[in-house]
Amino acid sequence: MRIALGIAVALASAVAAPASAQQPTLVLSAFGVAQDQLRKDLYAPFEAKCGCKIVVEVGNSADRLAKLEARKANPEVDIAVMADVNALEAANKGLIDPIDVSKLTNYDKLYDVVKDPLGNKMGVGYTYYATSIIYRSDKVKIESWTDLWKPELKGRLALPNITTTQGPLLLFMADRAFGGTTPDFATGINKVSEIKGGVVTFYERAAQLAQLFQQDEIWAAVTGRFNWPLLKKLNMPLAWATPKEGLTGGLNVLVLTKGSKNKELAMRFMDEWLSTEAQTRLAMSQVDSPANKEVKLPPEIADVLTYGEDTAKGLKLIPPAQMLANREAWVSGWNSKIAR
Amino acid sequence: MFEDRRIGIALAAPAVLFVMLAFLLPVGILLSGSVTTPGGWGISRFTTFFAEPLYQEVVWRTLRLGALVTLASAAIGYAAALAIVDTSPATKGRLVGLFILPLMISPVARTYAWIVILGRTGLVNQVVTGLGLSDEPLRLLFTETAVFIGLVQLFLPLMVLSLVSALENLPADVVPAARVLGANWIAVFFRVILPLTREGLVIGGTLVFTGAVTAYITPAVLGGSKVLMLETLLYQRVSVANDYVSASVIAVILIAMSVAANALLKRAAAARKR
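Source: prediction; values computed, not measured.

Calculation criteria
- Residues numbered from 1 in each chain as written.
- Chains lettered and ligands numbered in written order.
- Predicted model: local features only at pLDDT ≥ 70, side-chain atom pairs only at ≥ 80, totals over all residues.
- Helix = DSSP H or I, 4+ residues; strand = E, 2+ residues; numbered from the N terminus.
- Buried ≥ 20, exposed ≤ 12 C-beta atoms within 10 Å, placed from the backbone.
- Contact = placed C-beta atoms within 7 Å.
- Core = buried A, V, L, I, M, F, W, Y, C linked by C-beta atoms within 7 Å.
- Domains from an automatic or database assignment.
- Expected span 1.5 Å × (residues − 1).
- Arc of directions from axis to C-beta.
- Nonpolar A, V, L, I, M, F, W, Y, C, P; charged D, E, K, R; others polar.
- Axes fitted to C-alpha atoms, helices over the stretch in contact; angles between N-to-C directions.
- Parallel < 35°, antiparallel > 145°, perpendicular 65-115°, else oblique.
- Left-handed = near helix turned anticlockwise from the far one by under 90°.
- Pairing = 2+ DSSP bridges.
- pLDDT = per-residue confidence, 0-100.

Trainee: Can you walk me through the overall build of chain B in this structure?
Mentor: For chain B, the count of helices and strands is 13 helices and 2 strands. In terms of principal-axis extent, the alpha carbons of chain B reach across some 75 × 70 × 35 Å. Buried positions account for 32% of the 274 residues belonging to chain B. Counting contacts in chain B only where the partners sit at least 6 residues apart, residues at least 24 apart contribute 73% of the total.

Trainee: Just checking my understanding: could you explain the environment of A:Tyr43 for this structure?
Mentor: All names here are of chain A. Topologically, Tyr43 is positioned in helix H2 (residues 35–50). Looking at Tyr43, the number of C-beta atoms within 10 Å reads 22, which means it is buried. Separated by 251 residues in the primary sequence, Tyr43 and Glu294 have C-alpha atoms spaced 21 Å apart. Those residues in contact with Tyr43 that sit more than four places away from it in its chain are Leu38 and Ile54.

Trainee: Is there a simple way to explain the interface of chain A and chain B in this structure?
Mentor: How big an interface is tends to be expressed through the accessible area that disappears when the partners come together. The interface of chain A with chain B comprises 16 residues on the first partner and 16 residues on the second. Elements represented by at least two residues in the side of chain A that touches chain B include exactly strand S7 (199–203) and helix H14 (320–337) of chain A.

Trainee: For this particular structure, what's the right way to read the nonpolar core?
Mentor: Most often, soluble globular proteins have nonpolar side chains that are buried together. Judged by nonpolar contacts, the single largest core of 150 residues is most densely connected at A:Ala220, A:Val255, B:Leu151 and B:Phe155. If you tally residues by element for this core, the top one is helix H7 (residues 144–168) of chain B, at 16 residues. In contact with B:Leu151, not counting residues within four places along its chain, are B:Leu65, B:Val69, B:Ala212, B:Ala215 and B:Thr218.

Trainee: Sorry if this is basic, but what is going on with the domain arrangement of chain A here?
Mentor: Residue and element names in this part refer to chain A. We note that the domain assignment places domain 1 (2–128 + 249–309) and domain 2 (129–248 + 319–337) within chain A. On a C-alpha basis, the centres of domain 1 and domain 2 stand 31 Å from each other. The interface is formed by 13 residues belonging to domain 1 together with 13 residues belonging to domain 2. For the side of domain 1 that touches domain 2, the element with the highest residue contribution is helix H4 (residues 84–92), accounting for 4 residues.

Trainee: Please clarify how helix H5 (residues 107–118) of chain B should be interpreted in this entry.
Mentor: Residues lying three or four places apart along an α-helix face the same way, a consequence of the helix completing one turn every 3.6 residues. Residue and element names in this part refer to chain B. Helix length check: H5, at 12 residues, gives a terminal C-alpha distance of 16 Å against a target of 16 Å (1.5 Å per residue), a fit within 8%. Taken together, the buried positions of H5 are Thr111, Trp114, Ile115 and Leu118. Down the axis of H5, the buried set is contained in an arc of 105°. They therefore lie on one face. For H5, the elements touching its buried residues are helix H6 (123–130), H7 and helix H11 (217–223).

Trainee: Would you take a moment to explain the domain arrangement of chain B for this structure?
Mentor: All names here are of chain B. You can read the domains of chain B as domain 1 (1–42) and domain 2 (43–273). Of note, the centres of domain 1 and domain 2, computed from C-alpha atoms alone, are 30 Å apart. With 7 residues of domain 1 in contact, the opposing surface of domain 2 contributes 9 residues. Among the elements that take part in the side of domain 1 that touches domain 2, helix H1 (residues 5–35) stands out by supplying 5 residues, more than any other. Residue composition of the side of domain 1 that touches domain 2, by class: 3 nonpolar, 4 polar and no charged.

Trainee: Looking at this structure, I do not really get the packing of H5(B) against H7(B). What am I missing?
Mentor: For any two helices packed against each other, the geometry is given by the interaxial angle and the distance between the axes. Residues and elements named next belong to chain B. Remark: H5 packs on H7, axes separated minimally by 11 Å, with the N-to-C direction vectors making an angle of 140°. Judged on the interaxial angle alone, H7 and H5 are oblique. Crossing geometry of H5 relative to H7 is assigned as right-handed. Here Pro107, Arg110, Thr111, Trp114 and Leu118 of H5 come into contact with H7, specifically with Ala146, Ile149, Gly150 and Leu154. Split into classes, the residues belonging to the contact of H5 with H7 amount to 6 nonpolar, 2 polar and 1 charged.

Trainee: What is the right way to read the pairing of S7(A) from this model?
Mentor: Residue and element names in this part refer to chain A. When you tally the buried positions in S7, you get 5 out of 5 residues, the bulk of the element. The pairing of strand S6 (residues 157–160) with S7 spans 4 bridges and is parallel. Considered in S7, the bridge of Leu159 is made with Phe202.

Trainee: What is the right way to read the packing of H7(B) against helix H10 (residues 198–214) of chain B from this model?
Mentor: Residues and elements named next belong to chain B. Relative to each other, H7 and H10 sit at 165°, their axes nearing to 8 Å. In terms of orientation, H7 lies roughly antiparallel with respect to H10. Considering only the axes of H7 and H10, their crossing is right-handed. Contact with H7, carried on its side by Leu151, Phe155, Leu158, Met159, Ser162, Leu163, Ser165 and Ala166, involves Glu199, Gly200, Leu201, Ile203, Gly204, Leu207, Val208, Gly211 and Ala212 of H10 and no other residues of that element. Across the contact of H7 with H10, the residue classes tally to 11 nonpolar, 5 polar and 1 charged.

Trainee: I keep staring at the environment of A:Ala87 and nothing clicks. Help me out?
Mentor: With respect to the helices and strands, A:Ala87 occurs in helix H4. The residues contacting A:Ala87, other than those within four sequence positions of it, are A:Met82, A:Leu118, A:Met122, A:Gly123, A:Val253 and A:Val255.

Trainee: Is there a simple way to think about the pairing of strand S5 (residues 124–136) of chain A in this case?
Mentor: Looking along a regular strand, one sees the side chains alternate between the two faces of the sheet. All names here are of chain A. The element S5 is largely enclosed, with a buried count of 12 among its 13 residues. Here 7 bridges tie S5 to strand S10 (residues 248–257), and the two strands are oriented antiparallel to one another. Considered in S10, the bridge of Val124 is made with Leu254. Where S5 lies against strand S8 (residues 220–224), 5 bridges are found, and the strand directions are antiparallel.

Trainee: Please explain the confidence of the model for chain A as it appears in this structure.
Mentor: A low pLDDT score tells you not to read the predicted coordinates there in detail. All names here are of chain A. Model confidence for chain A is summarised by a mean pLDDT of 91, while 94% of its residues fall at 70 or above. Mean pLDDT across the elements of chain A bottoms out in helix H1 (residues 2–20) (48) and peaks in helix H7 (residues 186–194) (97). Throughout residues 8–20 the model reports pLDDT below 50, and contacts reaching past four residues in sequence, or to other chains, amount to 0 contacts.

The structure is reproduced here in structure tokens:
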């Protein structure tokens, strides 16, 4: 009996051994979207190279930030991807470490806009997107952000609500276009409140826009490039505006958790994510627009992503520090002037 | 029924335990969040919430729409229920079935149908512009009117079903008796039918009001952020701002509204009895 038990234990540990035989594990904290494709295009190729295992924890930025904070003393996550503003929040709370970019072989291949968006090399951008105006080219002509105030768009306009990531971007560009100078976007908020009666809806889900265009409810909407593929499929005379004030947008960054026990492996993984090969694969699968300027894309793929040197150079982004300091003020300004 | 009371208690135990663990406990935790403040217990969360003009407007709109939807459902519901009760049993069954049918269709699909109907190029506007009632298509989508129409359609069946069962219990000869004694139809309704079916009205009214103030899909899809109601505001606070504190305050307000509406309707019914 005892012998049999002994054999069973020995067998069990022999079976279990390969899995736990000191195979290094890297824990990534990421958005829940496109994980299957990310595994195929990025995690699996990297696992084959490093002989390690990548475990992914998914969730929205706010939730994942709260988790990082809760496990500050004994972090489980080694590397995380976040929107720039959330990453800056993590940096301010002392949850992440600066990145030694000299160890990233692919760093110099990146567009300038993503190289150090948080300052002090606290994060490196791996993807970005542009936000502009999509409009019915047969009905209106849009060459400036101020064209949204044209009378022919009254009752034909959809704008993002302040609760979405696109809402602050709308205020930012409205503020710039009308010569606002204060970080609280007072000018932008006042300008948007002037046309609020003519706004069909302040949308909260980008997917809603397809239906609104299709039913001829709207002729123009402020939205991110990520919505363009869906809207193009409507086969309507829709165009992506290039306003003279420029495009706005947002970017996501990679950050290193403070106190991670796998820092070296995390750096290798980060370098892999920024590599021309991985960035090309992820772009071809339409997961993320490339931040690496060596990525070359065929026109049909480039058209549905945010792509190219000119786009990257012309992008006007809200500095994350300004966003962090003023977000509450924008929401309360919006609530008192626009939402009511 | 059971000679030993312990058998009854034992039989009830699984249900009680389930409700305690799956409902009372989580709700209790959620609600306690609304009265926990950094300095201990207090109502400061509520005063902060009600200090925001936008939120005041949302509370008021939710109450107003809830009341209007309940009133409209009661008016339409009585008419429909009286007609249904008056038919033969077979027809009655079919008509009640017809009223239940919309309850079997997903509220999402039903609400999206309203988008098509109320849209700029939708059925309503085709009729309105076709008849020359208006040169411009009316803006119906993303207005309180759209939310009102959607909610009435959503909850009317609950009112009709409650009133049908109340009217069925109405003694068959009371209406003819009142008529013989010279009451006109208005008097018959307000002095005979209404007092005798108030239980059904209380149940239907509570269901409709509670449903209307806690509905999410209809105000979200037909109203959007321009017609915020408490439920859509709650979702916004949780999913966008991670503001569980405001969310628990809203949850308490919603529960209070439902309990108050039920108490009010019961009182009104009781007052009529005297």
